[in-house]
Amino acid sequence: MKKSKFKAMVLSCIDPRFQHIVHNHLLKKKLIGKYSAFTIAGAAVGVTHNKFKQWHKTFYDNLETSIQLHKIEKLIIINHKDCGAAKIANGKKEFTSANEKKIHKESFSKIKKQIKKKFPKLKVELNLISLDSKITKF
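Okay, so let's go over this structure. (Residues numbered from 1 in each chain as written. Predicted model: local features only at pLDDT ≥ 70, side-chain atom pairs only at ≥ 80, totals over all residues. Heavy atoms only, no water.)

1. A look at helix α2 (residues 53-70)
What counts, and what does not: Per the convention used, a helix needs a DSSP run of H or I reaching at least four residues, while a strand needs a run of E reaching at least two, with both numbered from the N terminus. By this rule, a helix spans an expected 1.5 Å times one less than how many residues it contains. In this analysis, two residues are considered to be in contact whenever any of their non-hydrogen atoms come within 4.5 Å of each other.
Taking 1.5 Å per residue as the helical rise, α2 with its 18 residues ought to reach 26 Å, and the 26 Å between its terminal C-alpha atoms agrees with that figure. Considering only its buried residues, α2 is in contact with β1 (8-12), β2 (35-39), β3 (74-80) and α4 (97-118). Looking at the residues trailing α2, positive phi occurs at Lys71, about 55 degrees.

2. Let's talk about the nonpolar core
In plain terms, the rule: Residues grouped as a nonpolar core are buried Ala, Val, Leu, Ile, Met, Phe, Trp, Tyr and Cys residues, joined through side-chain atoms within 4.5 Å. Working definition: with a 1.4 Å probe on protein chains only, accessible area under 20% of the residue-type maximum means buried, over 50% means exposed, and in between means partly exposed.
By size, the foremost hydrophobic cluster in this structure holds 20 residues, and its most contacted members are Leu11, Phe59, Leu63, Leu75, Ile77, Ile111 and Ile115. For this core, the secondary structure elements donating two or more residues are β1, α2, β3 and α4. If near-sequence neighbours (up to four positions away) are discounted, Ile77 is found in contact with Leu11, Ala44, Phe108, Ile111, Val124, Glu125, Leu126 and Asn127. Val10, Phe18, Leu26 and Ile76 belong to the second-largest nonpolar core, a separate cluster that totals 10 residues.

3. Quick look at the sheet that holds β2
We apply this condition: When DSSP locates at least two bridges between a pair of strands, those strands are taken to pair. Axes here mean lines fitted to C-alpha atoms, for a helix over just the part in contact, with angles spanning 0 to 180 degrees between N-to-C directions.
Taken in spatial order, the five strands make up an open sheet running β2-β1-β3-β4-β5, and their pairing is mixed. At either margin of the open sheet sits one strand with a lone partner, and together these are β2 and β5 (135-137). Each strand of the sheet is rotated relative to its neighbour by a mean of 25 degrees, with strand direction disregarded. Relative to strand β4 (residues 123-129), helix α1 (residues 19-28) is tilted by about 135 degrees, and along the sheet it contacts β1, β2, β3, β4 and β5.

4. Notes on unusual backbone geometry
A positive phi angle, near 60 degrees, is found at Lys30, a position not held by glycine. With respect to the helices and strands, the residue Lys30 is situated in the loop between α1 and β2. Taking relative accessible area as the criterion, Lys30 reaches 66% and is therefore assigned exposed. Here the phi dihedral of Ala43 falls at roughly 50 degrees; this positive angle occurs in a residue that is not glycine. Tracing the sequence through the fold places Ala43 in the loop between β2 and α2. Given the relative accessible area of 0%, Ala43 is considered buried.

5. Considerations on the environment of His70
With respect to the helices and strands, the residue His70 is situated in helix α2. A C-alpha to C-alpha distance of 33 Å links His70 and Asp132, two positions 62 residues apart in sequence. Those residues in contact with His70 that sit more than four places away from it in its chain are Ser4, Phe6, Ser36 and Thr65.

6. A word on the state of the cysteines
Inclusion rule: Cysteine sulfur pairs qualify as disulfides if the two atoms are within 2.5 Å.
Scanning the model with the defined rule gives zero disulfides in all. You can see Cys13 has no disulfide; the closest cysteine sulfur is in Cys83, sitting 4.6 Å from it. Residue classification places Cys83 among the buried residues on the basis of a relative accessible area of 1%.

7. Some thoughts on the pairing of β3
When you tally the buried positions in β3, you get six out of seven residues, the bulk of the element. In terms of strand pairing, β3 meets β4 through seven bridges, oriented parallel. Within β4, the residue paired with Ile76 across the bridge is Glu125.

8. A word on the pattern of salt bridges
The criterion, for reference: Should a side-chain nitrogen of Lys or Arg be within 4 Å of a carboxyl oxygen of Asp or Glu, the pair is scored as a salt bridge.
What the rule picks out here adds up to nine salt bridges. Here Lys29 makes a salt bridge to Glu125, at a shortest N to O gap of 3.1 Å. Note that Lys29 is positioned in the loop between α1 and β2 and Glu125 in strand β4, a separation of 96 residues in sequence. Lys134 is the salt-bridge partner of Asp132, the closest N and O atoms lying 3.4 Å from each other. The exposure class assigned to Lys134 is exposed, which follows from its relative accessible area of 55%. Ionic contacts of the salt-bridge type, sharing partners, join the residues Asp15, Arg17, Asp82 and Lys87 into one network.

See below:
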């Protein structure tokens, strides 16, 4: 089988403040034109947290389609700090940086487990953007 020219699906958030950072990150990784995009509120938070349950199937259907059509080998997840979806997931509790970090960590852990179960060959890369545009790998 011929190797695919497409490399990944990128799961990122809808927040307008971070679009250019995500784009520049993918540009640096030489992925422009080589990935499918799934952009949803909260990125991994939106596709794992119970508050957004109706969205989960849509994400996995799209991921499966990208695997079939584009023969991707990796899911690149890019969450960010000061996330509105994380605030919603946090509920009525005070939204502290510790609470937010816990929400991101849980979403990363949950999505990694789900991907391993549903698509065992798919690699997963986890990233978190801070407000000063730094990207940390998890």
